[in-house]
Each structure stands twice: as C-alpha cells, then as structure tokens.
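Results of the structural survey
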Amino acid sequence: DLNNTGQKSFTVNDYLEFEGGFGKLMNDMKGYFNLFNDDFSQYLLNQDFKENSNRFGALNLRQSLSAKTDVNTYVIANGSTTETETRVLNEYANNGVPFAERRTTLNNLGNFFVLGKISLNYEPTASEDLSVNTFVKLTHNKTNGNISSNSPQQSNALTTLADLDGVNLKQN
C-alpha cells in the first residue's frame, strides 16, 4: 500500500473477510464482533493523525483439501510512520486570578507488525467437527513524544520515549 491520500487500502472489511467473512458472522456472531473491536481493527479505523505513511502487504489462502477438510491461512505485514499533533488552550478561573495555559502534544510513532493465522477444519461426519486455530502477532513499536505547557507563570516540557517489542501466540 503506497499512496499519498492518507487512506489505508486494507480496510476492516478486508480483515474481516480474511477471518472468514459473512460465514463467520453466521456461525459465530460474538467472535465476529470481537474481531471488529480488536486492536488491529481499531488501528485500521484510526484516522486521527497529522501525517501517516504505511508500507503494507497481505496474503490470504483458503483451500478445501478434501470434501471434509478446509484450511484458511493469512499473513499481514505493516510498517507505518505516524505523526500526531494536538494544541489545546486551557483557561483557568483560579480564585479570581484567571490565566491561560497553552499545551502542545507532539508524537512520532514508528510501528511494525506481522499477523499470521492458520485454521484447519475437519468434519468427518455431521456430528463430528475438529477445528485447530493458531494465531501469531509480532510487533515492534517506537514512540517519541513531547508535551509542552506554557502559562504566564510557568513553562514545562515532558519527553516520552518508548521502544517496545511483543510476541503474541494463541492456539485453540
């Protein structure tokens, strides 16, 4: 995904389709809506940024191995650089001595993640069903933030730095 429109070309609908689409909704409505509210869906829906650049790739494979066995797998990789900025003017009454505070919050976020899932479904008979699901998520996130607060009596600055790596593995 390379564009200069500020829009992600891979949408929440694409993600839900990778997870089973309408069939998942019909078979597991709660699981479908949990997907819609998970952190990856929230990332895809986020439009609150000053500047955003994404590098994206995805692969999805669905295959019936036999009349009784299906496999569904996907891999999603994304690297992004995001800049946010918030400017706020707070006015305080302060017991008859009013004053104003100008607060600016700047963040530079560097995120990289890989999501992968494989599902194997085996239904030998109408009364028997075996499902195996494995999900892995690898993340690397760097954040550099700055909050500055200025009022007539005082100026403050706070800098935040984060460098986080994560691995999440789920099986059921």
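Going by the structure above, here's the rest.
Residues numbered from 1 in each chain as written. Predicted model: local features only at pLDDT ≥ 70, side-chain atom pairs only at ≥ 80, totals over all residues. Heavy atoms only, no water.

A word on the side chain of Lys137. Along the chain, Lys137 turns up in strand β4 (residues 128-150). Among the residues examined, Lys137 registers a relative accessible area of 17% and is labelled buried. Once residues lying within four places of it in the same chain are set aside, the contact partners of Lys137 are Asp39, Val114, Leu115, Gly166, Val167 and Asn168. (Helix = DSSP H or I, 4+ residues; strand = E, 2+ residues; numbered from the N terminus. Buried < 20%, exposed > 50% of the residue type's maximum accessible area, 1.4 Å probe, protein only. Contact = heavy atoms within 4.5 Å.)

The next subject is the sheet that holds strand β1 (residues 51-64). Sheet architecture is open: five strands sit in the order β1-β2-β3-β4-β5, paired in antiparallel fashion. Every interior strand has two partners, whereas the edge strands, β1 and β5 (155-171), have only one. Across the sheet, the mean angle from the axis of one strand to that of its neighbour is 15°, orientation sign disregarded. (Pairing = 2+ DSSP bridges. Axes fitted to C-alpha atoms, helices over the stretch in contact; angles between N-to-C directions.)

It is worth spelling out the pairing of strand β3 (residues 99-125) at this point. On any regular strand, side chains alternate: one points to one face of the sheet, the next to the other face. Inspection of the sheet shows strand β2 (residues 69-92) paired to β3 by 24 bridges, in the antiparallel sense. Among the inter-strand pairings, Asp70 is bridged to a residue of β3, identified as Asn121. Between the end of β2 and the start of β3, which pair antiparallel, lie six residues, with Asn94 showing a positive phi angle near 50°. Counted along the chain from β3 to the antiparallel partner β4, the turn is two residues long.

The next subject is the layout of surface pockets. In this structure, the second largest pocket encloses a volume near 340 Å³. Along its surface, the second largest pocket is lined by 18 residues, and Asp39, Tyr43, Asn111, Phe113 and Asn141 are the ones closest to its centre. Those elements that place two or more of their residues in the lining of the second largest pocket are α4 (39-45), β2, β3 and β4. For the lining of the second largest pocket, the element with the most residues is β3, which contributes five residues. Classifying every residue of the lining of the second largest pocket gives seven nonpolar, seven polar and four charged. (1 Å grid on protein atoms, 1.4 Å probe; cavity = no way out; pocket = protein on both sides within 12 Å on 5 of 7 lines; lining within 4 Å. Points joined across faces, edges and corners; volume = space filled by probe spheres on them. Nonpolar A, V, L, I, M, F, W, Y, C, P; charged D, E, K, R; others polar.)

A cluster of nonpolar residues, Leu65, Leu120, Tyr122, Leu130 and Val132, forms a patch on the protein surface that exposes about 450 Å² of accessible area. At the level of elements, β3 and β4 are the ones that each hand at least two residues to the nonpolar patch. Within the element layout of this structure, Val132 appears in strand β4. (Patch = residues over 30% accessible without salt bridge, like charges linked within 9 Å, V, L, I, M, F, W, Y side chains within 5 Å. Areas by Shrake-Rupley, 256 points an atom, 1.4 Å probe, with all protein chains shown as cover. Salt bridge = Lys/Arg side-chain N within 4 Å of Asp/Glu carboxyl O.)

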